[in-house]
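Here is how the chains run, residue by residue.
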Amino acid sequence: MENLPAIPGPAAGSAAYRDYARQWLRANLPEHMRSDNVNYRTPSLDECRDWEASMYGAGLAGMTWPKVYGGLGLTLREHLVVNKEVGALAMPESVSSIGKELAGPIIQTVGTEDQKHLFLPRILAMRDYWCQGFSEPDAGSDLARLRTKAVQEGDTWRINGQKIWTSGAAKAHYCLLLTRTGTVADKHRGLLMFAVPMNTPGIRVVPIKSIDGKESFAEVFFDNVEVPDSARLGAPDEGWNAAIRVLSIERATNRMYRAWRFDCELRQLIAACKSDPTMVHLLDDGYYQRRIGDVVSEIDALKGLVERTVSQMMVGDKIGARGSLTKLYWSECHQAFAGLALSIVSHVNPRSSALAQRARKAFTTAYLYARAETIYAGTTEVQLDIIAQRILNLPKDL
Ligand SMILES: Cc1cc2nc3c(=O)[nH]c(=O)nc-3n(C[C@H](O)[C@H](O)[C@H](O)COP(=O)(O)OP(=O)(O)OC[C@H]3O[C@@H](n4cnc5c(N)ncnc54)[C@H](O)[C@@H]3O)c2cc1C
């Protein structure tokens, strides 16, 4: 790692933080992890872990977390500043965003002091991966129908049930698990959240292959899994509120770098076009120019939405239903971009430039994964419902 100036303190202001983050990231991101570099190769999980751990060591993770739990005690403004710089570089996606951006914040909200000291520093140091065990075969959009049951037996809880679509379950050390203590008829009442070690006897992870050929999620079975009461996150009736909070964070502030990353992807797509005689003329074609223009304006609008959300949260506003606007916007925006990218890289042929060949591979995979973006963290239809009812106050039955 290169030696660079000390991490700017809270008084230095966000411009100093931006300059520091930009300098550090550009100096230290290994060439082979930059997808726009000729020496790029898909990084292994361990390489991604080490890279993120070094970012944390450099003061570029845990910005808003209290110092006592390993954070920097800064504000969401610095978090956004770093995210913009992260997005602007063609670096790998975070391999621990569930830990850093979902489990960490909810542990800070409902966890005990012991839990905070136990879990939070390890998440930031990239020592533990987390997964999110919310969805079930019969409970996705309607999460309140979940059936995974937790029964208290003295000082322990016995858990039985099944989760599905659990991203990163195979690598996770802990599961942020949502269970119910009563019956399904109780709906939102009697839900309880746990931090369950994934090596607990009775847990079985069965990977699911997705359309892009990866096995990034899984079914997770809980068969008489026993955990101590200290694994409980929050009070027995607090699970629903905690889950809603996790979902609103997931929708509004998780991977805040997205709009800047989409910009970076668009730059890569255009660079690939310019590198290749069969594709360069597409950039003069009015049809593609209009579509590229549409994508650019959507990305700019998304940036504005993210900036506004941060400003509002900085003055103490709750995220609430607003997270649905961001979720809807980024997922639809990226799906439109991925569709455009696919139609452009479909012109790549065996004689095309090496950059164009790489772009075809990368954007075909991106297109396939983008199909899931309007599903995970809540589907587009569900976000539209939330926006209609909770932001626009429209009646339920029109
Ligand atoms: C790539 C990926 C990763 C995921 N990772 C995780 C994870 O780590 N942890 C986790 O817990 N879950 C995860 N999920 C699950 C995800 O949260 C659910 O798939 C999602 O909430 C939708 O639930 P469902 O699949 O059960 O579909 P359903 O809820 O059955 O919905 C089916 C269709 O009906 C529509 N619909 C449902 N209700 C309404 C309504 N009220 N109004 C209008 N339309 C409606 C939906 O929009 C959808 O089109 C992941 C999913 C994907 C694709």
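Notes on the structure in this doc start here.

1. So, the overall build of the protein
So, step 1. What the protein contains, in helices and strands, is 12 helices and 8 strands.
So, step 2. Relative to the compact-globule value of 21 Å for 398 residues, the protein shows a C-alpha radius of gyration of 22 Å, a close match.
So, step 3. Here the protein, with 398 residues, has 48% of them falling under the buried criterion.
So, step 4. By sequence separation, contacts in the protein at least 24 residues apart represent 72% of the contacts at least 6 residues apart.
So, step 5. Accessible surface computed for the protein: about 18,300 Å², of which carbon and sulfur atoms make up 53%.
So, step 6. The average position of the 47 basic charges and that of the 45 acidic charges among the side chains of the protein differ by 2 Å.

2. Description of the site of the ligand
So, step 1. Around the ligand, the structure places 16 residues, and the nearest of them are Q132, S141, W165, T379 and E381.
So, step 2. Separating an oxygen atom of the ligand from a side-chain N or O atom of T379 is a distance of 2.6 Å.
So, step 3. Contact distances for the ligand include 2.6 Å between an oxygen atom and a side-chain N or O atom of E381.
So, step 4. Burial of the ligand by the surrounding chains reaches 65%, relative to a free accessible area of 970 Å².
So, step 5. Only β3 (156-167), α11 (354-373) and α12 (380-391) provide two or more residues apiece to the shell around the ligand.
So, step 6. The element best represented in the shell around the ligand is β3, accounting for 3 residues.

3. Some details on helix α4 (residues 97-110)
So, step 1. With 14 residues, α4 should reach 20 Å at 1.5 Å per residue; the first-to-last C-alpha distance of 19 Å fits that figure.
So, step 2. The element α4 is extensively covered by neighbouring structure, given that 12 of its 14 residues are classed as buried.

4. Points about the pairing of strand β2 (residues 149-153)
So, step 1. Examined bridge by bridge, β2 and β3 share 5 bridges and lie antiparallel to one another. Note on β3: the bridge partner recorded for V151 is R158.
So, step 2. Connecting β2 to the antiparallel partner β3 that follows it, the hairpin turn spans 2 residues, and G154 within it adopts a positive phi of roughly 65°.

5. Section: the packing of α4 against helix α5 (residues 113-124)
So, step 1. The interhelical angle for the contact between α4 and α5, taken along N-to-C directions, is 165°, at an axis separation of 10 Å. Classified by the interaxial angle, the pair formed by α4 and α5 is roughly antiparallel. Where α4 crosses over α5, the two elements pack in a sense that is left-handed. Across the interface between the two elements, G99, K100, A103, G104, I107 and Q108 of α4 pack against Q115, K116, F119, L120 and I123 of α5.
So, step 2. In terms of residue class, the contact of α4 with α5 is built from 5 nonpolar, 4 polar and 2 charged.

6. Things to note about unusual backbone geometry
So, step 1. Its identity is not glycine, yet K187 carries a phi of approximately 50°, on the positive side.
So, step 2. Classification of K187 by relative accessible area gives partly exposed; the value is 35%.
So, step 3. Residues other than glycine seldom take positive phi values, yet N393 does so here, at roughly 55°.
So, step 4. For N393, the position within the fold is in the segment after α12.
So, step 5. The class for N393 is exposed, based on a relative accessible area of 62%.

7. Examining helix α6 (residues 239-252)
So, step 1. Compared with an ideal rise of 1.5 Å per residue, which puts 14 residues at 20 Å, α6 spans 20 Å between its outermost C-alpha atoms and is within 8% of the ideal.
So, step 2. Of all 14 residues in α6, 11 are buried, a share of seventy percent or more.
So, step 3. All of the buried residues in α6 are G239, W240, A242, A243, V246, L247, S248, I249, E250, R251 and A252.

8. Things to note about the packing of aromatic side chains
So, step 1. One pass over the structure, following the stated rule, counts 11 aromatic pairs.
So, step 2. Ring geometry for W130 versus Y174: centroids 5.0 Å apart, planes at 25°, classification stacked. Residue W130 is located in strand β1 (residues 130-133), and its partner Y174 is located in strand β4 (residues 174-180); the two are separated by 44 residues in the primary sequence.
So, step 3. Residue classification places W130 among the buried residues on the basis of a relative accessible area of 4%.
So, step 4. When its relative accessible area of 17% is taken as the criterion, Y174 is described as buried.
So, step 5. Between W330 and Y376 the ring centres are 6.1 Å apart and the planes differ by 45°, which places this aromatic pair in the tilted class. Here W330, found in helix α10 (residues 322-345), pairs with Y376, found in the loop between α11 and α12; they are 46 residues apart in sequence, far enough to count as distant.
So, step 6. Taking relative accessible area as the criterion, W330 reaches 3% and is therefore assigned buried.

9. Some words on the environment of L102
So, step 1. Mapped onto the elements of the fold, L102 is located in helix α4.
So, step 2. For L102, a relative accessible area of 1% puts it in the buried group.
So, step 3. Here the alpha-carbon distance between L102 and S248, two residues 146 residues apart in the chain, equals 9.6 Å.
So, step 4. Excluding anything up to four places from it in sequence, L102 contacts S97, Q132, V246, I249, E250 and N254.

10. What about the environment of G140?
So, step 1. If you trace the backbone, G140 turns up in the loop between β1 and β2.
So, step 2. In this structure the C-alpha to C-alpha distance between G140 and E298, which are 158 residues apart in sequence, comes to 28 Å.

11. Details of the pattern of salt bridges
So, step 1. This model, assessed by the stated rule, comprises 21 salt bridges.
So, step 2. A salt bridge links R34 to D36; the shortest N-O distance between them is 3.2 Å.
So, step 3. A salt bridge links R41 to E47, with the shortest nitrogen-to-oxygen separation between them at 3.3 Å.
So, step 4. Because the salt bridges share partners, they merge into one network encompassing D46, R49 and D50.

Reading guide: rules and limits
Residues numbered from 1 in each chain as written. Predicted model: local features only at pLDDT ≥ 70, side-chain atom pairs only at ≥ 80, totals over all residues. Heavy atoms only, no water. Helix = DSSP H or I, 4+ residues; strand = E, 2+ residues; numbered from the N terminus. Rg over C-alpha atoms; globule rule 2.2 N^0.38 Å. Buried < 20%, exposed > 50% of the residue type's maximum accessible area, 1.4 Å probe, protein only. Contact = heavy atoms within 4.5 Å. Areas by Shrake-Rupley, 256 points an atom, 1.4 Å probe, with all protein chains shown as cover. Lys, Arg positive; Asp, Glu negative; His and termini not counted. Charge placed at Lys NZ, Arg CZ, Asp CG, Glu CD. Near = heavy atom within 4 Å. Polar contact = N/O pair within 3.5 Å; in protein donor to acceptor, adjacent residues only side chain to side chain. Expected span 1.5 Å × (residues − 1). Pairing = 2+ DSSP bridges. Axes fitted to C-alpha atoms, helices over the stretch in contact; angles between N-to-C directions. Parallel < 35°, antiparallel > 145°, perpendicular 65-115°, else oblique. Left-handed = near helix turned anticlockwise from the far one by under 90°. Nonpolar A, V, L, I, M, F, W, Y, C, P; charged D, E, K, R; others polar. Phe/Tyr/Trp six-rings, centres within 6.5 Å; stacked < 30°, edge-to-face > 60°. Salt bridge = Lys/Arg side-chain N within 4 Å of Asp/Glu carboxyl O.

Geometric descriptors of this kind do not, in isolation, establish any biological role.
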